[in-house]
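# A closer look at the structure
So the chains spell out like this:
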Amino acid sequence: MSASAAIDELVDRFEAAWTGRDRDAFHTVLAPDVHYEDPVVGEPLDGPDRVAGHAARLWTLFPDARLERTGPRLTDGRYVAAPCKILGIHRGELDELPPTGRFVVVQVVFYCQLDPDLRRLWRVRAFFDAYDAAVQLGVLPARGTLSERALLMLRGFGLRA
């Protein structure tokens, strides 16, 4: 198997761990000292157990959540960028927000560094638009709307032309 194919298979298994709701699956694809970040975690998560716990929260909020690949992965053999999307219906409670029943689609790019043996993900950073996700949930107003301008004004940013 070529290095590129092996990396593709590793990322497939990482994405399957998110969709498969198997916390142990994260141990097979993440290095023991993995470092994970995304826009909704307050501080970086260290270790597969903490990443699996973060995934479990997603599964509670979106019981049908799944990740789907959206394009080719880009790699130099040590780093990989993997575009995908997360889809699901919000059926679980989110802090004080009750389930909205809204279908949400969030575009994500995972930027990953492989461990020195190139067999597991060592550093993972997920990039996505948290504001857009909040708009889809009905928590924040859509960009460019009067509601958004009012919210910005209340926050002290004034009206934009």
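Keep in mind the model is a prediction, meaning the values are calculated, not measured.

### Topic: the overall build of the chain
Of the regular secondary structure elements, the chain holds five helices and seven strands. Scanning the chain from its N terminus toward the C terminus, one meets helices and strands in the order α-α-β-β-α-β-β-β-β-β-α-α. A burial count over the chain gives 38% of its 161 residues as buried. For the chain, the proportion of contacts with a sequence separation of at least 24, taken over those separated by at least 6, is 51%. When the accessible surface of the chain is totalled, it reaches about 9,100 Å², and 56% of it is carbon and sulfur.

### As for unusual backbone geometry
The phi dihedral of Arg21 is positive, around 55 degrees, even though this residue is not glycine. Secondary-structure assignment places Arg21 in the loop between helix H1 (3–20) and helix H2 (25–29). When its relative accessible area of 31% is taken as the criterion, Arg21 is described as partly exposed.

### Digging into the pattern of salt bridges
Summed over all chains, the structure comprises nine salt bridges. Across the pair Arg13 and Glu9 runs a salt bridge, and its minimum N-O distance is 2.8 Å. In this pair, Arg13 and Glu9 both sit in helix H1, four residues apart, roughly one turn of the helix. Judged by its relative accessible area of 30%, Arg13 falls in the partly exposed class. Residue classification places Glu9 among the partly exposed residues on the basis of a relative accessible area of 33%. The network of salt bridges with common partners includes Asp8, Asp12, Glu15, Arg69 and Arg73.

### What to know about H1
For H1, which comprises 18 residues, the first-to-last C-alpha distance of 25 Å matches the rise-based estimate of 26 Å (1.5 Å per residue) to within 8%. Among the residues of H1, Ile7, Leu10, Val11, Phe14, Glu15, Ala17 and Trp18 are the ones counted as buried. Along H1, the residues classed as buried sweep out an arc of 145 degrees about the axis, all on the same side. Looking one or two residues past H1, Arg21 carries a phi angle of roughly 55 degrees, positive in sign.

### Re the state of the cysteines
Scanning the model with the defined rule gives zero disulfides in all. Free of any disulfide, Cys84 has its nearest neighbouring cysteine sulfur in Cys112, separated by 9.3 Å.

Quick notes on the rules
Residues numbered from 1 in each chain as written. Predicted model: local features only at pLDDT ≥ 70, side-chain atom pairs only at ≥ 80, totals over all residues. Heavy atoms only, no water. Helix = DSSP H or I, 4+ residues; strand = E, 2+ residues; numbered from the N terminus. Buried < 20%, exposed > 50% of the residue type's maximum accessible area, 1.4 Å probe, protein only. Contact = heavy atoms within 4.5 Å. Areas by Shrake-Rupley, 256 points an atom, 1.4 Å probe, with all protein chains shown as cover. Salt bridge = Lys/Arg side-chain N within 4 Å of Asp/Glu carboxyl O. Expected span 1.5 Å × (residues − 1). Arc of directions from axis to C-beta. Disulfide = S-S within 2.5 Å.

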